[in-house]
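Summary of the model geometry
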Amino acid sequence: MLAQAASLLNINVVILDVGANAPAKQVVSPRSPGLAHIDGSFADSAKIRELAAKVDVLTVEIEHVDAGVLQDVERAVPLGVHPSPSTIRVIQDKCVQKQHLAAHGCPVSTFMEVEATAASVTSAAENLGLPLMLKSRTLAYDGRGNYVLRETTQVQEAIAALGGRPLYAEKWVPFVKEIAVMVVRSAAGDVASYPVVETVQRDNICHLVFAPLRSGDATIAARAREVAEASVKTLAGAGVFGVEMFLMHDGSVFINEIAPRPHNSGHYTIEACETSQYENHLRAILSLPLGSTALKVPSVAMVNLLGASDDMSEINAVVAHALSVPGAAVHLYGKSECRKGRKMGHITVVATSDAERSLRIRSLLEHLPTPSS
Ligand code: ATP
Ligand code: MG
Ligand code: MG
């Protein structure tokens, strides 16, 4: 999606990913003679160096990269690496990220470092109460590094499930809703935020996104945007950031985590905002003027197309239905294999009212495959 936005601005893109047919490589070819995409892993430091030698500006779409190598190549890339490797380093360890946010006065719920031992986890449960959210500090996505500890008898099972990775613990947050705000930060450090969205996760994975946020108290959205903007101001480098938050019963918000890149909760901006998160990411890292973040439709929803099994025809059936739903825009990612729980695409539905949006999205949900257990 970033490559699609770049293509419309005649920006020449070189992609580092595994295989000649990686999704982004299906979308753009490098336009200059002598440039070619790179076949390799974003975790391979030699490949990152090869990419850095080819480009004017380097950006990443995943935070699980080697921040040390990015720091090494930063000076050699004329317009730099965005977001800043120092930001990626802070964010990729979720405990360090929480410590950073807390130290800068951003609202986060109580958390503590734990060792991957029964004594340490039990002591965290005594301190923070049950249920306890035990999280892997690194390499987490789609809830795959999370374990909800309901009883202290589960301590060993929890440590085993999280695979001996470094851990930390969070107090359980009894939120009323999960919300998110995309924030774009220019190289000069100015920030602008997108409308607040409501996100609905199923099995820890984003399932639905709705915008704008509807709530009886109109000050909630303004406050959430302020918190999101303030948190992004504490991080160096340009680009878009996805700020995931918990909305509490009293209208207050806690930051759950920040993604230093275009984010699933911002996919809706492609059809529904004056400038998409992808175009604004490019504008930010290239020091171009930022575009308006305003909604241009009254109501929008997004549903993720998650594989229910290894059978892509189940996804194709929803897509076939979506083609007859007014306002529905299909995005399939061109991934080579469908797998249970894998994000294969998404559908955005715009509408002239929330009521119309509900009707449109409901008909799509009825056609979604049900995950097999
Ligand atoms: P992502 O794919 O968003 O990067 P992740 O693996 O980093 O996911 P989190 O965002 O930390 O995981 O948590 C996933 C989900 O688990 C959250 O969206 C929320 O629904 C729930 N959750 C996380 N932390 C807490 C908490 N402290 N209390 C209650 N629920 C939580
Ligand atoms: Mg995460
Ligand atoms: Mg998350």
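Definitions and cut-offs
Residues numbered from 1 in each chain as written. Chains lettered and ligands numbered in written order. Predicted model: local features only at pLDDT ≥ 70, side-chain atom pairs only at ≥ 80, totals over all residues. UniProt positions renumbered as here; feature names shortened; annotations may be inferred. Pairing = 2+ DSSP bridges. Helix = DSSP H or I, 4+ residues; strand = E, 2+ residues; numbered from the N terminus. Axes fitted to C-alpha atoms, helices over the stretch in contact; angles between N-to-C directions. Contact = placed C-beta atoms within 7 Å. Buried ≥ 20, exposed ≤ 12 C-beta atoms within 10 Å, placed from the backbone. Core = buried A, V, L, I, M, F, W, Y, C linked by C-beta atoms within 7 Å. Expected span 1.5 Å × (residues − 1). Near = placed C-beta within 6 Å. Nonpolar A, V, L, I, M, F, W, Y, C, P; charged D, E, K, R; others polar. pLDDT = per-residue confidence, 0-100.

By the naming in an unreviewed UniProt entry, the protein is Phosphoribosylaminoimidazole carboxylase, taken from Daedalea quercina L-15889. Check the Sequence similarities (unreviewed entry) section of the UniProt entry for the protein; it says "In the C-terminal section; belongs to the AIR carboxylase family. Class I subfamily." We quote the UniProt Pathway (unreviewed entry) comment for the protein here in full: "Purine metabolism; IMP biosynthesis via de novo pathway; 5-amino-1-(5-phospho-D-ribosyl)imidazole-4-carboxylate from 5-amino-1-(5-phospho-D-ribosyl)imidazole (carboxylase route): step 1/1."

**As for the sheet that holds strand β6 (residues 132–136)**
Judged by pairing direction, the sheet is antiparallel, and its 4 strands sit side by side in the order β5-β8-β6-β7 without closing on themselves. A strand with exactly one partner marks an edge of an open sheet, and here the two such strands are β5 (111–114) and β7 (146–149). Taken over all neighbouring pairs, the strand axes of this sheet differ in orientation by 25° on average, direction set aside. Pairing of β5 with strand β8 (residues 167–171) involves 4 bridges; the strand directions are antiparallel. Pairing of E113 across the sheet is with Y168, part of β8. Most of the contacts of helix α7 (residues 118–128) go to β5, to which it runs at about 165°, and overall it touches β5, β6, β7 and β8.

**Focus on the environment of K335**
Among the secondary structure elements, K335 is positioned in the loop between β16 (328–332) and β17 (343–351). Note on K335: 16 C-beta atoms within 10 Å, which makes it partly exposed. When the C-alpha atoms of K335 and T153 are compared, they prove to be 40 Å apart, with 182 residues separating the residues in sequence. Beyond its immediate stretch of four places on either side in the chain, K335 contacts P23, R342 and M344.

**Some points on the nonpolar core**
Counting residues in each nonpolar core, the largest one holds 92 residues, and the members touching the most others are L134, V181, V183, V243, M245 and I255. Residues within four places of V181 in sequence aside, it is in contact with S193, Y194, V196, A224, R225, A228 and V243.

**Some remarks on helix α9 (residues 219–233)**
Here α9 is 15 residues long and its end C-alpha atoms lie 21 Å apart, about the 21 Å a rise of 1.5 Å per residue gives. Packed against the buried residues of α9 are α6 (94–103), β9 (177–185), β10 (191–193), β13 (239–247) and β14 (253–259).

**Remarks on the site of ligand 1**
Looking at ligand 1, there are 19 residues lining it, with M133, A140, G143, E170 and V173 nearest. Breaking the shell around ligand 1 down by element, the ones donating at least two residues are β6 and β14. Partitioned by chemical class, the residues of the shell around ligand 1 number 5 nonpolar, 7 polar and 7 charged.

**Side note on unusual backbone geometry**
Each neighbour pair has its own omega, and for H82 with P83 the value is -5°, a cis peptide bond. When you line up the elements, P83 lands in the loop between β4 (81–82) and α5 (85–92). Of note, the amide linkage connecting A211 to P212 takes the cis form, showing an omega dihedral of -5°. With respect to the helices and strands, the residue P212 is situated in the loop between β12 (205–211) and α9. Here D203, not a glycine, exhibits a phi torsion of approximately 50°, which is positive. Mapped onto the elements of the fold, D203 is located in the loop between β11 (197–202) and β12. Phi at S287 is positive, roughly 55°, even though this residue is not glycine. You can see S287 is positioned in the loop between α11 (277–285) and β15 (299–306).

**Observations concerning the confidence of the model for the protein**
Averaged over all residues, the pLDDT of the protein equals 96, while 99% of them reach at least 70. Here the complex is predicted with pTM 0.97, and the ipTM for its interfaces comes to 0.99.

**Comments concerning the UniProt feature "domain: ATP-grasp" (unreviewed entry) in the protein**
Residues given the UniProt feature "domain: ATP-grasp" (unreviewed entry) here are residues 98–286. Counted over residues 98–286, helix gives 28% and strand 31%. Its end C-alpha atoms are 29 Å apart.

**Structural notes on the environment of G334**
The topology assignment puts G334 in the loop between β16 and β17. Between the alpha carbons of G334 and K25 there is a distance of 9.9 Å; along the sequence they are 309 residues apart.

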